[in-house]
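Examination of the molecular architecture
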Amino acid sequence: MDVKKYGPWALIIGGSEGIGLAFAKRLAAQGLNIAITARKKAALEAAAAEIRTAGNVDVRYLSQDMTAPDMMDRIEAFTRNMDVGLVIYNAGAMDRITTFLGDTIEGHLHTIRLNCEGPTRIAHHFASMMKTKGRGGIILMSSAACLAGMYGVPIYAATKAFETILAEGLWCEMRDYGVSVMSSVIGAVRTPAHHRLLGVNQPGAADPDDIARDTLDNLENGPTYYSKEMQGALSTMGGFDRRRIVMTMAENSKAFGVVGMNTKPFDPNLSVQ
Ligand SMILES: NC(=O)c1ccc[n+]([C@@H]2O[C@H](COP(=O)([O-])OP(=O)(O)OC[C@H]3O[C@@H](n4cnc5c(N)ncnc54)[C@H](OP(=O)(O)O)[C@@H]3O)[C@@H](O)[C@H]2O)c1
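Now for a quick tour of the structure.

Criteria and cut-off values
Residues numbered from 1 in each chain as written. Predicted model: local features only at pLDDT ≥ 70, side-chain atom pairs only at ≥ 80, totals over all residues. Heavy atoms only, no water. Near = heavy atom within 4 Å. Polar contact = N/O pair within 3.5 Å; in protein donor to acceptor, adjacent residues only side chain to side chain. Areas by Shrake-Rupley, 256 points an atom, 1.4 Å probe, with all protein chains shown as cover. Phe/Tyr/Trp six-rings, centres within 6.5 Å; stacked < 30°, edge-to-face > 60°. Lys NZ or Arg CZ within 6 Å of the ring centre and 35° of its normal. Core = buried A, V, L, I, M, F, W, Y, C linked by side-chain atoms within 4.5 Å. Buried < 20%, exposed > 50% of the residue type's maximum accessible area, 1.4 Å probe, protein only. Helix = DSSP H or I, 4+ residues; strand = E, 2+ residues; numbered from the N terminus. Contact = heavy atoms within 4.5 Å. Axes fitted to C-alpha atoms, helices over the stretch in contact; angles between N-to-C directions. Left-handed = near helix turned anticlockwise from the far one by under 90°. Nonpolar A, V, L, I, M, F, W, Y, C, P; charged D, E, K, R; others polar.

Near the ligand, the surroundings consist of 28 residues, among which S16, N90, A93, Y156 and T191 are the closest. R39 has a polar side-chain atom sitting 2.7 Å from an oxygen atom of the ligand. One nitrogen or oxygen atom from the side chain of K40 is found 2.7 Å from an oxygen atom belonging to the ligand. Bound to the protein, the ligand loses 96% of the 850 Å² it would expose on its own.

Time to look at the packing of aromatic side chains. Overall, the coordinates contain zero aromatic pairs when judged by the stated rule. Positioned above the aromatic ring of Y177 is the side chain of K131, whose terminal nitrogen or guanidinium carbon lies 4.6 Å from the ring centre.

Ranked by internal contacts, the top residues of the largest apolar core, which has 33 residues, are L27, I34, L86 and I88. Mapped onto this core, the elements with two or more residues apiece are strand 1 (9-13), helix 2 (18-29), strand 2 (33-38), helix 3 (41-54), strand 4 (84-89), strand 5 (136-141) and helix 8 (208-217). Counting residues per element, this core draws most heavily on helix 2, which supplies seven residues. Not counting residues within four places of it along the chain, the set of residues in contact with L27 comprises M1, A10, I12, L32, I34, L86, I88 and L216. In terms of nonpolar packing, the next biggest core, distinct from the first, is built from 32 residues, I122, F126, L140 and V181 among them.

To continue, consider the packing of helix 6 (residues 154-174) against helix 10 (residues 242-253). Look at helix 6 against helix 10: their axes get within 10 Å of each other, and the N-to-C directions meet at 60°. Helix-helix and strand crossings are classified by hand; for helix 6 and helix 10 the assignment is right-handed. Residue-level inspection shows I165, E168, W171 and C172 of helix 6 in contact with helix 10, the latter providing R242, R243, V246, M247 and A250. A class-by-class count of the residues in the contact of helix 6 with helix 10 yields six nonpolar, no polar and three charged.

As structure tokens, then:
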């Protein structure tokens, strides 16, 4: 990991356990200061102690629910004095399996806040600062669920598609500014959250540290990284080259704005007739 490009601070949203903690320990061992967030304070404290033993770096944590209305204000205050070069939005695994009508609308909106609103706000804030600095990296943790609609987790799958497509768009917008953006598309991983969901360890599930290592190793191979397990699955599904698809789409969409289209930021008054 290039500390000059991606340091001195890495922010990991959902860094107290599983893949997020594995990212934190790897990055600490490589000399990056680590800022982690999650909801449970005791788990954050324990994680911070583990991260400190992994690397002789500064480690800070914030207890914050990413679906809370004050989320962005609190993350901004927490990171105000840190030069954040790498952001990983990791929180957001499925914690229940219900059909679309089997869950409440509030349940669906909660998932959308965590996996769509959260990454959008975080990426908007940090990408803007990275663009000014001309360096940095953003990783959104996605899932095999992003590939297609799924029975039992229709909203989760849709939100993971959102994260992957968002990362792909950001990848083509930010690459000229020295900022690497990537979504990591992974299959089952042996995390505490996955165990809580299933009640057992899923046989054949990947190791969180392997996922963290491979994701970081591929940060500059965006826009979309498929884990080793996913690459096997994709080959039986026909496979497709996301970089080629994104580049083709980007070439077409770059024409936007040169033909007199409205490219101004959102104006709430414009939609009032
Ligand atoms: N595990 C898998 O099999 C698997 C498969 C495919 C994709 N993924 C993706 O990999 C990522 C990590 O998954 P994971 O299995 O490690 O579980 P996870 O629940 O997404 O991540 C665990 C971390 O996120 C925090 N977190 C969860 N909900 C939060 C919230 N509302 N606000 C703030 N922090 C929150 C947890 O701490 P607190 O609970 O204390 O908040 C913990 O630090 C997810 O994006 C998931 O979609 C995982």
